[in-house]
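Here is how the chains run, residue by residue.
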Amino acid sequence: MSDKLIDIRNYTSSPSAPLLTARGLCFDAGGQRLINKVDLNVAAGRCTVIMGANGSGKSLLLRLLHGLIRPEEGTINWEGQPLDRAGRQQQAMVFQRPVMLRRSVAANLRFALSVRGVRGEERRAREAETLALARLETLKDKPARVLSGGEQQRLAMARALICAPRLLFLDEPTASLDPASSLAIENLIQGARENGTTIVLVTHDAGQARRLGDDLVFLHAGRIAETGPIKRVLDAPRSEAAQAWLGGRLFVPEKTETDSIKNGV
Ligand SMILES: Nc1ncnc2c1ncn2[C@@H]1O[C@H](COP(=O)(O)OP(=O)(O)OP(=O)(O)O)[C@@H](O)[C@H]1O
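Rules and cut-offs
- Numbering of residues starts from 1 in every chain and runs along the sequence as written.
- pLDDT decides what is reported in this predicted model: residues at 70 or higher carry local features, side-chain atom pairs at 80 or more are listed and counted, and totals for whole chains, interfaces and linings draw on all residues regardless.
- Water and hydrogen atoms were dropped before computing side-chain values, which therefore reflect all heavy atoms in the structure.
- Any two strands with at least two DSSP-identified bridges between them are counted as paired.
- Put simply, DSSP marks the helices as runs of H or I at least four residues long and the strands as runs of E at least two long, and each gets a number from the N terminus on.
- When at least one non-hydrogen atom of a residue lies within 4 Å of a molecule or strand, that residue is treated as near it.
- For this analysis, a polar contact is any N or O atom pair within 3.5 Å, provided that within protein one partner can donate a hydrogen and the other can accept it, and provided that sequence-adjacent residues contribute only side-chain to side-chain pairs.
- Here the accessible surface of atoms and residues is derived via Shrake-Rupley with a 1.4 Å probe, and residues count as covered only by protein chains that are part of the display.
- To estimate the expected span of a helix, count its residues, drop one, and scale the result by 1.5 Å.
- Classification of residues uses two cut-offs on accessible area relative to the type maximum, computed with a 1.4 Å probe and protein chains only: under 20% is buried, over 50% is exposed, and between them is partly exposed.
- Residues are treated as being in contact if the distance between any of their heavy atoms lies within 4.5 Å.
- In what follows, salt bridge is the name for a side-chain nitrogen of Lys or Arg lying within 4 Å of a carboxyl oxygen of Asp or Glu.

The name recorded for the protein in an unreviewed UniProt entry is Tungstate transport system ATP-binding protein, from Yoonia ponticola.

### Structural notes on the pairing of strand β1 (residues 18-29)
The pairing of β1 with strand β2 (residues 32-43) spans eight bridges and is antiparallel. Each residue of the ladder has a partner; that of Leu 20, found in β2, is Val 42. Following β1, the chain reverses through two residues before pairing antiparallel with β2; Gly 30 in that reversal takes a positive phi of roughly 55°. One ladder, built from five bridges, connects β1 with strand β4 (residues 73-78); its direction is antiparallel.

### A word on the site of the ligand
Taken together, Ala 29, Leu 34, Ala 53, Asn 54, Gly 55, Ser 56, Gly 57, Lys 58, Ser 59, Leu 60, Glu 172 and His 204 make up the full set of residues near the ligand. Contact distances for the ligand include 2.8 Å between an oxygen atom and a backbone N or O atom of Gly 55. Between the ligand and the protein, one listed contact pairs an oxygen atom with a side-chain N or O atom of Glu 172 at 3.3 Å. In isolation the ligand exposes 650 Å². Once the protein is present, 58% of that is buried.

### Quick word on helix α5 (residues 149-161)
For α5, which comprises 13 residues, the first-to-last C-alpha distance of 18 Å matches the rise-based estimate of 18 Å (1.5 Å per residue) to within 8%. Within α5, 11 of the 13 residues are buried, which leaves it mostly tucked inside the rest of the structure. Where the residues of α5 are buried, they touch β6 (91-94), α3 (105-114), α4 (120-133), β7 (167-171) and α6 (179-194).

### As for the pattern of salt bridges
As enumerated under the stated definition, the model contains 13 salt bridges in all. For Arg 110, the salt bridge is made with Glu 127, and the minimal N-O distance between the two is 3.1 Å. Here Arg 110, found in helix α3, pairs with Glu 127, found in helix α4; they are 17 residues apart in sequence, far enough to count as distant. Residue Arg 110 is classed as partly exposed on the basis of its relative accessible area, which comes to 29%. For Arg 211, the salt bridge goes to Glu 186, with nearest N and O atoms at 2.7 Å. Highlighted residues: Arg 211 in helix α7 (residues 206-212) and Glu 186 in helix α6, separated in sequence by 25 residues. Here the salt bridges share partners, and the residues they tie into one network are Asp 28, Arg 33 and Glu 73.

Written out as structure tokens, the structure is:
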């Protein structure tokens, strides 16, 4: 394995130590405060699930945590140091709608390795291993863009996993997939976990959250309404927002400063 990559098999940090911490994260767009004073610890080796209604800020929060967008306020630390390029290279993200290069399935995987300096025999070995893991061998020469939605999502997972990330962000990776494709993705997530990868998963599927998750963060209107062990929050939510959402009811909060950052509404 290239020395530029972290070999997760040799990763020895305490399983509960926070790998990533966010403090006081705020993000604004269009004159609105969309993420408001979020504090979060992502524990190493665990699967943190983020749930919340449509528009509550889950995707924005993932993008902030992965360093794709900059917060107006607040800090993100990776192993106690400000998140930088080196930290981001140890992370990967799979988006709700997979982004594919206009190349073959195998070339998409090779590209992910080449940008991290993995070449030659090691690249070939990892490519073959990952194609098999994601059950993509028979599709390896096809243009990635002609794959079905489920196949594209498996490729997106494979492309993220091939670099052995220590932290994997997953934004609704099974939304719009059928049960068999969803199961294939869940198996890949489970496999990554067993190899020591820390997972942050956004999902609307409470069953999936129970199957894969350890900790639950419930977002409401850009704020954390509740956090806790997954089973406890799903079975006995304490916040009004989580109770309403999990119970299938609409919860409209009183207007607060969250709703507007300046002289606004
Ligand atoms: N660049 C932007 N400019 C203005 N508003 C934005 C921008 N990006 C996101 N938003 C708004 O921020 C809110 C949160 O968006 P986000 O995509 O994070 O929600 P979400 O919780 O992931 O929703 P869903 O479950 O529907 O995917 C939404 O109301 C969205 O319209």
